[in-house]
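Coordinate analysis (summary)
The residues making up each chain are set out below.
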Amino acid sequence: FNHWAKHDLHEAIDHLQIHLSAEAFKKMITQRSSNGKNPIMVSAFHSSKECLDTFLHHICLYQKTLYKDDLGRILHEEDKHGDTLLALVLQQPGRLDSAKNILLYLEMKHHGAEAKHANNPEKGKQELTECMRKHLRPSVVVQRALNDIDNSLPKSFLKKASIWVR
């Protein structure tokens, strides 16, 4: 399956997704190889955009049920080089922007950084920032990702006022 992801054989992967149960497909896309990468990571590493989109859409579709207990592992699992899925996507600027946005959304949901999904969005935002610092190497791309997250979150009244004053 990693070979298919590496070569972006998305039509074959789409065919399997349609004909396999959601559980069987999940097992296939989360199974790690000897280098520590699963097919999701392989598709990110090789810029296999269509395969990566298929995998991420499957995760989003079944996020509240099938992936409820596995989302943190999928997001934070590292390969043998210490790279997470988001780190691999951020290494491919431009080509995998839709995957980057989906992963940032999943990270926000996982850490409770969205006000509508969390009791304390500021705490969730702080937890998310710490996670990014822990799992990603400092870079301009990572800072942009953090800024994207910050800009997507609801603003407090005080922050809205300071933006308006500028």
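Reading the values: rules and limits
- Residues numbered from 1 in each chain as written.
- Predicted model: local features only at pLDDT ≥ 70, side-chain atom pairs only at ≥ 80, totals over all residues.
- Heavy atoms only, no water.
- Helix = DSSP H or I, 4+ residues; strand = E, 2+ residues; numbered from the N terminus.
- Buried < 20%, exposed > 50% of the residue type's maximum accessible area, 1.4 Å probe, protein only.
- Contact = heavy atoms within 4.5 Å.
- Axes fitted to C-alpha atoms, helices over the stretch in contact; angles between N-to-C directions.
- Parallel < 35°, antiparallel > 145°, perpendicular 65-115°, else oblique.
- Left-handed = near helix turned anticlockwise from the far one by under 90°.
- Nonpolar A, V, L, I, M, F, W, Y, C, P; charged D, E, K, R; others polar.
- Phe/Tyr/Trp six-rings, centres within 6.5 Å; stacked < 30°, edge-to-face > 60°.
- Salt bridge = Lys/Arg side-chain N within 4 Å of Asp/Glu carboxyl O.
- Polar contact = N/O pair within 3.5 Å; in protein donor to acceptor, adjacent residues only side chain to side chain.
- Core = buried A, V, L, I, M, F, W, Y, C linked by side-chain atoms within 4.5 Å.
- pLDDT = per-residue confidence, 0-100.

Our focus in this paragraph is the overall build of the chain. The helix and strand inventory of the chain stands at 11 helices and 0 strands. Sequence-ordered secondary structure for the chain, helices as α and strands as β, is α-α-α-α-α-α-α-α-α-α-α. Across the 166 residues that make up the chain, the buried fraction comes to 46%. Within the chain, residue pairs in contact and separated by at least 24 positions form 64% of the contacts whose partners lie at least 6 positions apart.

This part covers the packing of helix α2 (residues 10–19) against helix α5 (residues 49–61). Axis angle and axis distance: for two packed helices, these are the angle between their axes and the distance between the axes, and together they describe the pair. One can describe the packing of α2 onto α5 by two numbers: an axis separation of 9 Å at closest approach and a directional angle of 20°. The angle between α2 and α5 falls in the class roughly parallel. The element α2 and its partner α5 pack so that their crossing is right-handed. On the side of α2, the interface is formed by H10, I13, D14 and Q17, while α5 contributes E50, C51, T54, F55 and H58. Its residues assigned to classes, the contact of α2 with α5 shows 3 nonpolar, 4 polar and 2 charged.

Once that is clear, we can look at the packing of aromatic side chains. Using the criterion set out here, one finds 4 aromatic pairs in the structure. Pairing F1 with W4 gives two aromatic rings, centres 5.9 Å apart and planes at 45°, and the pair type is tilted. Here F25 and F55 contribute two aromatic rings whose centre-to-centre distance is 6.2 Å and whose plane-to-plane angle is 45°, an arrangement assigned as tilted. Pair noted here: F25 is in helix α3 (residues 22–30) and F55 is in helix α5, with a separation of 30 residues, a long-range link.

Using the criterion set out here, one finds 6 salt bridges in the structure. Across the salt bridge formed by K37 and D79, the nearest N and O atoms sit 2.8 Å from each other. You can see K37 sitting in the loop between α3 and α4 (39–45) and its partner D79 sitting in the loop between α6 (71–76) and α7 (85–90), a full 42 residues away along the chain. The exposure class assigned to K37 is buried, which follows from its relative accessible area of 6%. A salt bridge links D53 to K49, with the shortest nitrogen-to-oxygen separation between them at 2.9 Å. With D53 and K49 both in helix α5 and 4 residues apart, the pair spans about one turn of that helix. One salt-bridge network, held together by shared partners, links K26, R32, D70, R73 and E77.

Okay, the side chain of N38 next. Examined against the element boundaries, N38 turns out to sit in the loop between α3 and α4. Looking at N38, the relative accessible area reads 2%, which means it is buried. Here the side chain of N38 touches I40 through a polar contact of 3.0 Å, landing on its backbone nitrogen. From its side chain, N38 meets the backbone nitrogen of M41 in a polar contact 2.9 Å long.

With that settled, the discussion passes to the nonpolar core. I40, L52, F55, L56, I59 and L85 are the most contacted members of the largest nonpolar core, which totals 36 residues. Broken down by secondary-structure element, the contributors of at least two residues to this core are α3, α4, α5, α6, α7, α8 (97–111) and α9 (121–135).

Our focus in this paragraph is the confidence of the model for the chain. This prediction gives the chain a mean pLDDT of 82; 80% of its residues lie at or above 70. Of all secondary-structure elements in the chain, the lowest mean pLDDT belongs to helix α11 (residues 157–165), at 45, while α4 reaches the highest, 95. Segment residues 160–166 is flagged for pLDDT under 50; beyond a separation of four residues in sequence, or across chains, it makes 2 contacts in the model.

The backbone phi angle of D8 is positive, close to 55°, even though this residue is not glycine. By the secondary structure assignment, D8 is in the loop between α1 (2–6) and α2. Since its relative accessible area comes to 17%, D8 is described here as buried. One non-glycine residue with positive phi stands out, namely S47, at about 55°. Mapped onto the elements, S47 comes out in the loop between α4 and α5.

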